[in-house]
2 protein chains.
Amino acid sequence: MGDEKLDKRNSILEVAEELFSELGFDATTTRLIAKKADVNIAMLNYYFGGKEGLYLAILEKHIAANHSRLQTINSDNISSFDKLNKFIDGYVDHMQRSCAVQKLMYMEMSISIRNRISEHIVGMLSKNLIEIKKIISDGVANGSFAQVDAEMLIASMFGTKVYLINASPMASLLFKGSTDAQELLTDDVVQRLKDHYKKMFKLYLSK
Amino acid sequence: MGDEKLDKRNSILEVAEELFSELGFDATTTRLIAKKADVNIAMLNYYFGGKEGLYLAILEKHIAANHSRLQTINSDNISSFDKLNKFIDGYVDHMQRSCAVQKLMYMEMSISIRNRISEHIVGMLSKNLIEIKKIISDGVANGSFAQVDAEMLIASMFGTKVYLINASPMASLLFKGSTDAQELLTDDVVQRLKDHYKKMFKLYLSK
DNA sequence: CAAAATTAATTAATCGATTGATTAACTTTT
DNA sequence: AAAAGTTAATCAATCGATTAATTAATTTTG
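Looking at an unreviewed UniProt entry, one finds chain A named HTH tetR-type domain-containing protein, with Pelobium manganitolerans as its source organism.

Now the structure itself:
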């Protein structure tokens, strides 16, 4: 067998990510995590220093996994619309891949008492925000885009994602007519979302 | 003095609504509610049967307050676009008025263990969803609207709201450049949101 | 109308359960 | 044997809820 130490650590991370995104931070107990991960409760504190440390470790893992994903788009020498479309494809794919983490982030972000957690989350997500803001403002500056309420447009973009992921009972009702928890982000819905985003930006930003 | 009995009950409701929307259901303790409302903890159980009962009472109050608000629009004999604009104005005004309740609803909706609460919330919010879905499908049927991905369009509408209210640290960063908790939904932002919504539907639905 | 009886409102104290975390002992690895 | 990994048992704190007792308000009765 391979490294079984890391197996346990990773098992905790995986189980915790799933439970946090399902139940939220408070309702997820360390005992439940330990039980589902088939691990002693103390291991959780041994590896991560505590419940909040585990939560932050999940965020850090997610940061590390997507650190390089972002930088590459804005450097390319392509049109502003192409940048936008490229950003959308990458963003939606990434959203489908890591929707559990994204759900958990938006769940806890707004809770006032979680200052440290909230800072981490906002810091992570703001990178996406800054990047797309730059694409749009550059496009407006070089005359490719029409002048729009860029903030509202961006709010609609991120908001659509948040609605699909975090308000999934409503989104399921909208897309499938039922509220069962069955996977909503099918390949079909993902493709529709990409098309929707591209159409949205095209409609708003075309001169 | 007037009815001081109702004062206490209402005080609990008001304080609880504020705390639930700030801290979420789990992190809001009955002790904190009682302390802030200057009321004995037992009163909370006396009037509402418990923490969950109090939460549901807040929802019920909100349902009652907005029961009549909805029915009137679709009956009018006006164009589909006018219906849409009328809906938007009413919806955004309502959103500004009761943003605390809306925040708390979307916070707890997706938590799997809150079956009863989740049902209540989805039931409430689905009325808005059904109504706007009807406006759009009617408009498409009578030729006023172009054929679009109506589900995604609706997801963007509600999603924009959810982003502004529930992801307020991000929205504050977007609209004000800082994450302080100061009121985001100013009259200015509300007006921009209305304009944004109207433009969105116009762009998507114009033939 | 006033005394008595009943109900409603309110309080302080405390219940059992659960929480996150820690300890000390034990086992495995290096 | 030193270090890292792992376990069962347990800690203090806090949770939501309830209890028994007390006061206030209302209704019934004489």
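From this point on, the discussion continues.
A. Local environment of the overall build of chain A. Scanning chain A from N- to C-terminus turns up 11 helices and 0 strands. Along chain A, helices and strands appear, N-terminal first, in the series α-α-α-α-α-α-α-α-α-α-α. Projected onto its principal axes, the C-alpha coordinates of chain A cover approximately 60 × 40 × 40 Å. Burial analysis of chain A (207 residues in total) assigns 50% to the buried set. Long-range contacts, defined here as pairs at least 24 residues apart, represent 68% of the contacts in chain A between residues at least 6 apart. Of the charged side chains in chain A, 26 are positive and 26 negative; the average position of the first set lies 2 Å away from that of the second.

B. Highlighting the UniProt feature "DNA-binding region" (unreviewed entry) in chain A. Mapped onto this structure's residue numbering, the UniProt feature "DNA-binding region" (unreviewed entry) falls at residues 29-48 of chain A. Within the segment residues 29-48 of chain A, helix and strand shares are 75% and 0% respectively, and the terminal C-alpha atoms sit 15 Å apart.

C. Here's a closer look at the protein's contact with DNA strand D. Not every one of the 16 residues close to DNA strand D is listed here, only the nearest: A:Tyr46, B:Thr29, B:Thr30, B:Arg31 and B:Lys51. Within the backbone of B:Thr28, one N or O atom sits 3.4 Å away from a phosphate oxygen of DNA strand D. One of the side-chain N or O atoms of B:Arg31 is found 2.6 Å from a base nitrogen in DNA strand D. Broken down by secondary-structure element, the contributors of at least two residues to the surface near DNA strand D are α3 (41-48) of chain A together with α2 (30-36) and α3 (41-48) of chain B.

D. Just the protein's contact with DNA strand C, in detail. Neighbouring DNA strand C are 16 residues, the closest being A:Thr29, A:Arg31, A:Lys51, B:Tyr46 and B:Tyr47. Close to the protein, within 4 Å, the atoms of DNA strand C are drawn from sugar and phosphate at a rate of 60%. Between A:Thr28 and DNA strand C, the recorded distance is 3.3 Å, taken from a backbone N or O atom to a phosphate oxygen. At 2.9 Å from a phosphate oxygen of DNA strand C is found a side-chain nitrogen or oxygen belonging to B:Tyr47. Of all elements in the fold, only α2 (30-36) and α3 of chain A together with α3 of chain B reach the threshold of two or more residues within the surface near DNA strand C. Broken down by element, the residue count for the surface near DNA strand C peaks at 4 residues, all from α3(B). For the surface near DNA strand C, the class distribution of residues is 5 nonpolar, 6 polar and 5 charged.

E. Highlighting the relation of the copies chain B and chain A. The operation relating chain B to chain A is a screw motion whose rotation component is 180 degrees, with 0.0 Å of axial translation and a residual RMSD of 0.1 Å. Such values leave the two copies arranged in the relation of a two-fold axis. Minimal C-alpha distance to the rotation axis in chain B is attained by B:Gly159, lying at 2.1 Å. Here 100% of the interface residues in chain B have copies in chain A that are interface residues too; the copies meet face to matching face.

F. Focus on the packing of helix α11 (residues 187-205) of chain A against helix α9 (residues 150-166) of chain B. Their axes nearest at 10 Å, the elements α11(A) and α9(B) cross at an angle of 70 degrees. As judged from the angle between their axes, α11(A) and α9(B) are roughly perpendicular. The handedness of the crossing between α11(A) and α9(B) is right-handed. On α9(B), the residues that touch A:Val189, A:Arg192, A:Leu193, A:His196 and A:Met200 of α11(A) are B:Glu151, B:Met152, B:Leu153 and B:Ser156.

G. Expanded view of the environment of B:Leu129. Secondary-structure assignment places B:Leu129 in helix α8 (residues 115-141). Sequence spacing of B:Leu129 and B:Lys103 is 26 residues, and the spatial spacing of their C-alpha atoms is 17 Å. What B:Leu129 contacts, discounting residues up to four positions off in sequence, is A:Tyr163, A:Met170, A:Leu174 and B:Phe158.

H. Spotlight on the interface of chain B and chain A. On the side of chain A, 47 residues touch chain B, which itself brings 47 residues to the contact. For the pairing of chain B and chain A, the buried interface totals around 4,400 Å² over both sides, and the portion due to carbon and sulfur atoms is 71%. When residues of chain B are sorted by the area they lose upon contact with chain A, B:Met152, B:Leu174 and B:Tyr204 head the list and together hold 16% of the total. Inspection of the chain B/chain A interface yields 4 salt bridges. One salt bridge connects B:Arg192 with A:Asp149, and the closest N-O pair in it is separated by 2.7 Å. Counting every contact that joins chain B to chain A gives 20 residue pairs in polar contact (both at pLDDT 80 or more). For the side of chain B that touches chain A, the elements supplying multiple residues, two or more each, are α1 (4-27), α7 (99-109), α8, α9, α10 (168-176) and α11 (187-205) of chain B. Here the side of chain B that touches chain A takes 13 residues from α9(B), the largest share from any one element.

I. Fine view of the packing of aromatic side chains. Taken as a whole, this structure holds 18 aromatic pairs over all chains when the rule is applied. Aromatic pair A:Tyr47 and A:Phe48: ring centres 6.3 Å apart, planes at 55 degrees, arrangement tilted. Exposure remark for A:Phe48: the relative accessible area of 10% places this residue in the buried category. When the centroid spacing of 5.2 Å and the interplanar angle of 85 degrees are considered together, the rings of B:Phe25 and B:Tyr55 count as edge-to-face. Of this pair, B:Phe25 sits in helix α1 while B:Tyr55 sits in helix α4 (residues 51-65); the two residues are 30 residues apart in sequence, bridging distant segments of the chain. Taking relative accessible area as the criterion, B:Phe25 reaches 9% and is therefore assigned buried.

J. The arrangement of α3(A) in detail. The backbone nitrogen of A:Ala42 lies 2.9 Å from a side-chain oxygen of the residue at the head of α3(A), namely A:Asn40. Downstream of α3(A) by one or two residues, A:Gly49 has phi in the positive range, about 80 degrees.

Rules behind the numbers
Residues numbered from 1 in each chain as written. Chains lettered and ligands numbered in written order. Predicted model: local features only at pLDDT ≥ 70, side-chain atom pairs only at ≥ 80, totals over all residues. Heavy atoms only, no water. Helix = DSSP H or I, 4+ residues; strand = E, 2+ residues; numbered from the N terminus. Buried < 20%, exposed > 50% of the residue type's maximum accessible area, 1.4 Å probe, protein only. Contact = heavy atoms within 4.5 Å. Lys, Arg positive; Asp, Glu negative; His and termini not counted. Charge placed at Lys NZ, Arg CZ, Asp CG, Glu CD. UniProt positions renumbered as here; feature names shortened; annotations may be inferred. Near = heavy atom within 4 Å. Polar contact = N/O pair within 3.5 Å; in protein donor to acceptor, adjacent residues only side chain to side chain. Nonpolar A, V, L, I, M, F, W, Y, C, P; charged D, E, K, R; others polar. Least-squares fit on C-alpha atoms with pLDDT ≥ 70 in both. Axes fitted to C-alpha atoms, helices over the stretch in contact; angles between N-to-C directions. Parallel < 35°, antiparallel > 145°, perpendicular 65-115°, else oblique. Left-handed = near helix turned anticlockwise from the far one by under 90°. Buried area = accessible area lost by both parts, 1.4 Å probe. Salt bridge = Lys/Arg side-chain N within 4 Å of Asp/Glu carboxyl O. Phe/Tyr/Trp six-rings, centres within 6.5 Å; stacked < 30°, edge-to-face > 60°.

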